[in-house]
Amino acid sequence: MTMLRAFITSVAALTLASCGNGSGGTSAQDDGPATLDEIAIGDVIMGDPDAPLTLVEYASITCGACGQFHTTVMPVIKERVDAGDINFIFREFPTAPAEIATAGFAVARCAGADDYYDVLDEFYDNQQDFFNAIRSGSAGDMLRDIASEYGINNAGFRECTRDRELFSSMMETVRGGEELGVTHTPTLFLNGAQLGNEARTPDGMNAVID
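Here the residue index of a chain counts from 1 through its sequence in written order. Reporting of local features is limited, given that this is a predicted model, to residues whose pLDDT is at least 70; pairs of side-chain atoms are given and counted only at 80 or more, and all residues count toward the totals for whole chains, interfaces and linings. Calculation of side-chain values draws on the structure's entire complement of heavy atoms; hydrogens and water are dropped beforehand.

Undergrad: What exactly am I supposed to notice about the overall build of the chain here?
TA: Of the regular secondary structure elements, the chain holds 10 helices and five strands. Whether a residue is buried, partly exposed or exposed follows from its accessible area with a 1.4 Å probe, protein chains only, as a fraction of its type maximum: under 20%, in between, or over 50%, in that order. The buried share of the chain, taken over its 210 residues, is 49%. We call two residues contacting when some pair of their heavy atoms lies within 4.5 Å. The contacts of the chain with a sequence gap of at least 6 include a subset with a gap of at least 24, amounting to 82%. Of the roughly 9,800 Å² of accessible surface on the chain, 48% is carried by carbon and sulfur atoms. Secondary structure counts use DSSP, requiring at least four H or I residues in a row for a helix and at least two E residues in a row for a strand, with both numbered from the N terminus. Note on areas: these come from Shrake-Rupley sampling with a 1.4 Å probe, and a residue is covered only by the protein chains present in the view.

So, in structure tokens, the structure goes:
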């Protein structure tokens, strides 16, 4: 099964998973209005769009190697973004359990472009807790907690994780990655050229940018 077909399957599964089968009653917040003022569709650019170099990462929040990359190399990337050397684009490429990764990415998108990368940081900085929640079956609770930190109530969370335009945009991202030959995460491109393992360390990333 290709990543794209697996992703489409995961979207169908998510429609069921997001309905909620908790044992408790609904709260007043559950019946409140959705709070989705903005959904970020398409590429969210970190840094100056006119920077001389564009670094693109295809990755998943349920990928341990991506978490390691985020911990060790993202600080360098952010430094080079701040220096005006590059702009950075993260593109979602969900890995197993894809339905959980997809829901997490939906939360990041629904938090809006200004908070998109902050939400990704939240997932990666707490990735071990996220993995534990997935194993214990409480990932939905963690997703809702993170969503609430960015002003998305339970009604908004349900709306977000069922948004067809959002999922269509994610599928286009996955399809585009597959067309570029992305088969694993993280996969990196600098001005369209795929990078190898040399870019997986802080020194290596600085070297390829230089």
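Undergrad: Hey, could you run me through the nonpolar core in this one?
TA: Soluble globular proteins: nonpolar side chains tend toward being buried together. Definition of nonpolar core: a set of buried residues of the types Ala, Val, Leu, Ile, Met, Phe, Trp, Tyr and Cys, connected through side-chain atoms within 4.5 Å. Within the largest apolar cluster, 52 residues are counted, with the highest numbers of intra-cluster contacts made by Leu55, Ile77, Phe88, Phe90 and Met205. Per-element tally for this core: the top contributor is helix α4 (residues 98-110), with eight residues. Ignoring anything within four residues of it in the chain, the contact list for Met205 reads Leu55, Phe69, Val73, Val76, Ile77, Leu188, Glu198 and Ala199.

Undergrad: Mind showing me how you'd approach the state of the cysteines here?
TA: As used in these notes, a disulfide is a covalent bond between sulfur atoms, one from each of two cysteines. By definition, disulfides here are pairs of cysteine sulfur atoms that lie within 2.5 Å. Under the criterion given, the structure shown has one disulfide. Disulfide partner of Cys110: Cys160, at an S-S distance of 2.1 Å. Torsion about the S-S bond of the Cys110 and Cys160 cystine: about 100 degrees, corresponding to right-handed handedness. Taken together, the residues Cys110 in helix α4 and Cys160 in helix α8 (residues 154-160) connect sequence positions 50 residues apart.

Undergrad: Before we go on, may I ask you to explain the pattern of salt bridges in this structure?
TA: A side chain with one charge can pair with a side chain of the opposite charge if their charged atoms come near. A pairing counts as a salt bridge when a side-chain nitrogen of Lys or Arg comes within 4 Å of a carboxyl oxygen of Asp or Glu. Inspection of every chain in the model, using the stated rule, returns six salt bridges. Close ionic contact of Asp210 with Arg80 constitutes a salt bridge, the shortest N to O distance being 2.7 Å. Of this pair, Asp210 sits in the segment after α10 (202-209) while Arg80 sits in helix α3 (residues 74-82), and the two are 130 residues apart along the sequence. Of the residues examined, Arg80 reaches a relative accessible area of 12% and is grouped as buried. A network of salt bridges, in which partner residues are shared, links Arg80, Asp85 and Asp210.

Undergrad: Looking at this structure, how should I read unusual backbone geometry?
TA: What you tend to see is this: most non-glycine residues have negative phi, and most peptide bonds are trans. The omega torsion of the bond from Ala96 to Pro97 falls at -10 degrees, within 30 degrees of zero and hence cis. Considering the arrangement of structural elements, one finds Pro97 in the loop between β3 (86-92) and α4. In this structure, the amide linkage connecting Thr185 to the following residue, Pro186, adopts the cis form with an omega of -5 degrees. Locating Pro186 in the fold gives a position in the loop between α9 (164-179) and β4 (187-190).

Undergrad: What's the story with the packing of α3 against α10 in this structure? I'm lost.
TA: Angle between the axes and distance between the axes: these two values describe a pair of packed helices. Convention adopted: a line fitted to C-alpha atoms gives each axis, helices being fitted over their contacting stretch, and angles between N-to-C directions are expressed from 0 to 180 degrees. With their axes 8 Å apart at the nearest point, α3 and α10 run at an angle of 30 degrees to one another. Note that α3 runs across α10; the crossing there is right-handed. When α3 is examined against α10, the residues Val76, Ile77 and Arg80 are found in contact with a partner set consisting of Pro202, Met205, Asn206 and Ile209. Here the contact of α3 with α10 is built from residues that sort into five nonpolar, one polar and one charged. The sense of a crossing depends on the near helix, which, turned anticlockwise from the far helix by less than a right angle, makes the crossing left-handed and, turned clockwise, makes it right-handed. Side-chain classes are defined by residue name, with Ala, Val, Leu, Ile, Met, Phe, Trp, Tyr, Cys and Pro counting as nonpolar, Asp, Glu, Lys and Arg as charged, and the others, Gly among them, as polar.

Keep in mind that these numbers describe shape and distance, not what the molecule does.
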